[in-house]
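Analysis of the macromolecular model
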Amino acid sequence: MIRRAAALFLAALLPLLAATGQARAAGYRYWSFWEQDGTAWTYATQGPSLLRPADGAVQGFRFSVSEDSADAAEPRGTADFATICAGTPARDGAKRVALVIDFGTRADAPSGETPPAARTACARVAPDATTSEALASVAEPLRYDTNALLCAIDGYPRKGCGEQMAADEQEQKQKQEQEQRSEPADGGPSVGLVAGVAVVAVLAAAALWQVRRRA
C-alpha cells in the first residue's frame, strides 16, 4: 500500500517537473518579418527589401530567438492600420504603411542589452517604396549584413546578426522564460504553481487515506 501511495504521488508530481524542465532546441537570434492579414499575422514570403506593400498595409518586425519560420514569434499587439496611421493623413503621390516594431523580450536580448519597448509607426513613402524603405523612414538606424539580412532596427541590437545562441545562453533564456511565466502582476506566487502544488497535495492525501483505510 505504501508503494502504491508513493506511485500516485510521483505520478502527480512528474508532469509538473517535466513542464518546468522541458528543453527547447537551440535557435537563432534575428528579426523576423510579418504581414497582417485581418487581425492575424502571417510570416512574410518575401523579404522587406523586395516587398512593395500597398497603401493601407500593416507590416510587422519581431526580434526573437527561433529555429525557423515555423517557430518564430510574431509581433505582439493588435493595432490596425486605422489606429497606427490615425495621425498621418493621406497625401497625393504617396502611400501609407503601418509598421509594428517589436524588440522582443529580455530572454531574447543579446548579452548586455535591454530591448526597447515595442512601438508602432506610420510611414508615408513613395507609391513604389519597399518595406525596407518605409522602415528606414521611421526607424533608423538600420543595420544589414553583407547578404542584405536585416540585423538591427533603430540601432537594436548593437551587434550580431542571425547568430546561433550558445548553450549557456539557451539555458539562461529558458530560465528567464520560466521566471516570466511564474511572475504574477502582484508579485505573489503564480496561479499555475499554487494550483500544481494543491493538486499534488490532494492526491498525496488521498493516497495516504487509502493506505490507512486498508491497514
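Attention here is on the structure that accompanies the text. Counting restarts for each chain, with residues numbered from 1 along the sequence as it is written. Totals for whole chains, interfaces and linings use all residues, but because this is a predicted model, local features are given only for residues with pLDDT of at least 70 and pairs of side-chain atoms are given and counted only at 80 or more. Only hydrogens and water are set aside; all other atoms, that is, all heavy atoms of the structure, feed into the side-chain values.

Attention now moves to the overall build of the protein chain. Numbering of helices and strands runs from the N terminus, with a helix taken as a DSSP run of H or I at least four residues long and a strand as a DSSP run of E at least two residues long. Helices and strands together make up the secondary structure of the protein chain, namely five helices and seven strands. To sort residues, take the accessible area from a 1.4 Å probe on protein chains only and compare it with the maximum for the residue type: under 20% means buried, over 50% means exposed, and anything in between is partly exposed. Scored against the burial criterion, the 215 residues of the protein chain give a buried share of 36%. Any pair of residues with heavy atoms lying within 4.5 Å of one another is described as a contacting pair. Expressed as a percentage of contacts within the protein chain between residues at least 6 apart in sequence, the contacts between residues at least 24 apart total 67%. For the protein chain, the computed accessible surface area is about 12500 Å², with 56% contributed by carbon and sulfur atoms. All accessible areas in this document rest on Shrake-Rupley with a 1.4 Å probe, and a residue is counted as covered only by the protein chains that are shown.

Turning our eyes to something else, we now look at the state of the cysteines. Note on terminology: pairs of cysteine sulfur atoms within 2.5 Å are recorded as disulfides. Applying the stated criterion across every chain yields a total of two disulfides. Here C85 engages in a disulfide with C122; their sulfurs sit 2.0 Å apart. Measuring handedness by torsion sign, the sulfur bridge of C85 and C122 sits at about 100° and is right-handed. Taken together, the positions of C85 in the loop between α2 (81–84) and β4 (95–102) and C122 in strand β5 (residues 119–125) put the pair 37 residues apart, joining distant regions of the chain. Since its relative accessible area comes to 3%, C85 is described here as buried. For C122, a relative accessible area of 14% corresponds to the buried category. Two residues share a disulfide in this structure: C151 and C161, whose sulfurs sit 2.0 Å from each other.

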